[in-house]
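Fold and geometry: a report
So the chains spell out like this:
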Amino acid sequence: MSNTAPYDPPRTDRYEHVWQLIDANHGSENVISTDCIKLHMERTYRRTKITTRNKYLVELRKFDRILKERGHDPLPWRIDEPVVLDLLNEAWRDREVSTKKWYTHILDRYLQFYGNRVVEELHLQWPHDLRPNVKWLTEGEYEKLMRAEKSPLEDLVINLELGMGFRSVEVCRLRVCDVHYDEEIPFINIRGKGRGEGKWRSVPFGYDTERVLKRWMEERRKIVERMRLYNPYWKEPEELAIWCHYVDSPVAGPYSEQGHSIDRGPIYKLRERLGFDFTQHTLRRSYGRRLYHAGVKIETISKLLGHDDVRTTYKYLGINMDDMNDAMKILRNFDKSRLS
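This text gives an overview of the structure that appears in the document.

Definitions and limits used
- Residues numbered from 1 in each chain as written.
- Predicted model: local features only at pLDDT ≥ 70, side-chain atom pairs only at ≥ 80, totals over all residues.
- Heavy atoms only, no water.
- Pairing = 2+ DSSP bridges.
- Helix = DSSP H or I, 4+ residues; strand = E, 2+ residues; numbered from the N terminus.
- Core = buried A, V, L, I, M, F, W, Y, C linked by side-chain atoms within 4.5 Å.
- Buried < 20%, exposed > 50% of the residue type's maximum accessible area, 1.4 Å probe, protein only.
- Contact = heavy atoms within 4.5 Å.
- 1 Å grid on protein atoms, 1.4 Å probe; cavity = no way out; pocket = protein on both sides within 12 Å on 5 of 7 lines; lining within 4 Å.
- Points joined across faces, edges and corners; volume = space filled by probe spheres on them.
- Phe/Tyr/Trp six-rings, centres within 6.5 Å; stacked < 30°, edge-to-face > 60°.
- Patch = residues over 30% accessible without salt bridge, like charges linked within 9 Å, V, L, I, M, F, W, Y side chains within 5 Å.
- Areas by Shrake-Rupley, 256 points an atom, 1.4 Å probe, with all protein chains shown as cover.
- Salt bridge = Lys/Arg side-chain N within 4 Å of Asp/Glu carboxyl O.
- Axes fitted to C-alpha atoms, helices over the stretch in contact; angles between N-to-C directions.
- Parallel < 35°, antiparallel > 145°, perpendicular 65-115°, else oblique.
- Left-handed = near helix turned anticlockwise from the far one by under 90°.
- Nonpolar A, V, L, I, M, F, W, Y, C, P; charged D, E, K, R; others polar.

1. Brief notes about the sheet that holds strand β2 (residues 187-191)
Taken together, 3 strands build an open sheet; the order of strands is β1-β2-β3 and the sheet is antiparallel. Pairing within the sheet leaves two strands with one partner each, and these edge strands are β1 (179-180) and β3 (200-204). As defined by bridge partners, β1 adjoins β2 across 2 bridges and the pair is classed as antiparallel. Paired with H180 across the two strands is F187, which belongs to β2.

So, in structure tokens, the structure goes:
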């Protein structure tokens, strides 16, 4: 256990919240590390979406448990360089580089909240992540998913997310009026991430999108008719994707942007039937990667995905060891044809 405390937070206005916690417990030796996590979450992530906040909370609790199991003092101002290196080199040894970077980012933000800059002062250098900790659909999985029998809603979600690169929140936000059946270039206006109106982009129909939309609109019409028959005052939502539960006393409405409601029905059921794992993120990443392998320019892929910066797109596509190996094969054959 690390017995020193080289990073005790100074008694300044900036760290008043820390000393209020210490003084309330009559000294740092009486502070419970889980209370430190709770205070950090309440102050740092108070405006963050609950799903994101919960992800960080789960990881911080894991860190706390690992620190205790490995004999370290878990109080954030007592975590020093040897403890951080022990986490990186031992506790997280088998993790992908991208995962280690994410863990370190969460830990650094937590420690700096308590005046501890040890992670920043380590000036960590990360090796290139040759095989990102990210999943894409294989060609076999893609074909199996595309050829599988799907309900109208499953068909819609898969086409929008895998065929056009929608985020799940964008599927929820999509309104009937956002679909444009132009003769030359049919397209969909997408309201992307961000508060209020979000960021808009337009994406042309993907493979089979017109058929999928026609099939879903017929199913949606049946839901609307069922609801109006049961309740003449029921107001039809503007959103394209709607749910309907129960037969005798039906209830219906648009899918929520919070949580994973649009995924639970279509994606979870498809996973069970097909026998392989994938998420909405898998579908969207696979869309981008298929564009890349089809030879589409990275700038165009970036616009289709709704990224502000092509650097984000490069990371998203995961230009990995397999891609670089293929590139070197092309170069070797090019040199061989000219130098042999």
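Still more ground to cover, so stick around.
2. With respect to the nonpolar core
In this structure, L145, L156, L160, F166, I188, F278 and L283 are the most contacted members of the largest nonpolar core, which totals 47 residues. In this structure L156 touches V212, L213, W216, L240 and A241, once residues within four positions along its chain are discounted. With 34 residues, the next largest nonpolar core counts Y56, L107, Y110 and L122 among its residues.

3. Concerning the environment of R175
Looking at the secondary structure, you find R175 in the loop between α9 (168-173) and β1. A residue is classified by how much of its surface remains accessible, and R175, at 24% relative accessible area, is partly exposed. As for R175 and I188, which are separated by 13 residues in sequence, their C-alpha atoms are 9.6 Å apart.

4. Focus: the pairing of β3
Residues R201 and V203 line the buried face of β3, whereas the alternating positions W200, S202 and P204 sit on a face that is not buried. As defined by bridge partners, β2 adjoins β3 across 5 bridges and the pair is classed as antiparallel. Across the sheet, R191 pairs through a bridge with W200, a residue of β3.

5. Remarks on the layout of surface pockets
One number sums up the size of the second largest pocket: a volume of about 400 Å³. Lining the second largest pocket we find 18 residues, and of these Y142, M146, N159, G163 and Y207 sit closest to its centre. Taken together, the elements giving at least two residues each to the lining of the second largest pocket come down to α7 (139-147), α8 (152-163), α10 (209-230) and α13 (280-293). Among the elements that line the lining of the second largest pocket, the one with the most residues is α8, at 5 residues.

6. Things to note about the packing of aromatic side chains
Per the counting criterion, the structure on display carries 11 aromatic pairs. Seen from their ring centres, F63 and W92 are 5.2 Å apart, and the 45° between their planes marks the pair as tilted. Of this pair, F63 sits in helix α3 (residues 50-69) while W92 sits in the loop between α4 (81-91) and α5 (97-113), and the two are 29 residues apart along the sequence. Take F63: its relative accessible area is 3%, and that puts it in the buried class. Using a relative accessible area of 3% as the deciding quantity, one classes W92 as buried. With a centroid separation of 4.9 Å and 85° between ring planes, the pair formed by F113 and Y114 is classed as edge-to-face. We classify F113 as buried; its relative accessible area is 14%.

7. Let's talk about a nonpolar patch on the surface
On the surface, M328, L331 and F334 cluster together into a nonpolar patch covering about 270 Å² of accessible area. Inspection of the secondary structure puts L331 in helix α16 (residues 321-339). For L331, a relative accessible area of 40% puts it in the partly exposed group.

8. Section: the pattern of salt bridges
What the rule picks out here adds up to 21 salt bridges. The salt bridge partner of D86 is R70, with a shortest N-O separation of 2.7 Å. Within this pair, whereas D86 is found in helix α4, its partner R70 is found in the loop between α3 and α4, the two being separated by 16 residues in sequence. Looking at R70, the relative accessible area reads 38%, which means it is partly exposed. The shortest N-O distance in the salt bridge between R211 and D208 comes to 2.6 Å.

9. Some thoughts on the packing of helix α2 (residues 33-44) against α3
Remark: α2 packs on α3, axes separated minimally by 11 Å, with the N-to-C direction vectors making an angle of 160°. One element, α2, and the other, α3, form an angle in the roughly antiparallel class. For α2 against α3, the interelement crossing comes out right-handed. Mapping the contact onto sequence places S33, T34, I37, H40 and M41 in α2 and R53, Y56, L57, L60, R61, D64 and K68 in α3.

10. Overview of helix α1 (residues 16-24)
Of all the residues in α1, the buried ones are H17, V18, W19, L21 and I22. Looking at the packing, one finds that the buried side of α1 touches α2 and α5.

11. A few points about the packing of α1 against α2
Angle between the axes and distance between the axes are the two parameters that describe a pair of packed helices. Interaxial distance between α1 and α2 falls to 11 Å at its minimum, and their mutual angle equals 150°. Considering how the two elements wind past one another, α1 and α2 form a crossing that is right-handed. For the pair formed by α1 and α2, the contact residues are H17, Q20 and L21 on the first element and D35, C36, L39 and R43 on the second. Here the contact of α1 with α2 is built from residues that sort into 3 nonpolar, 2 polar and 2 charged.

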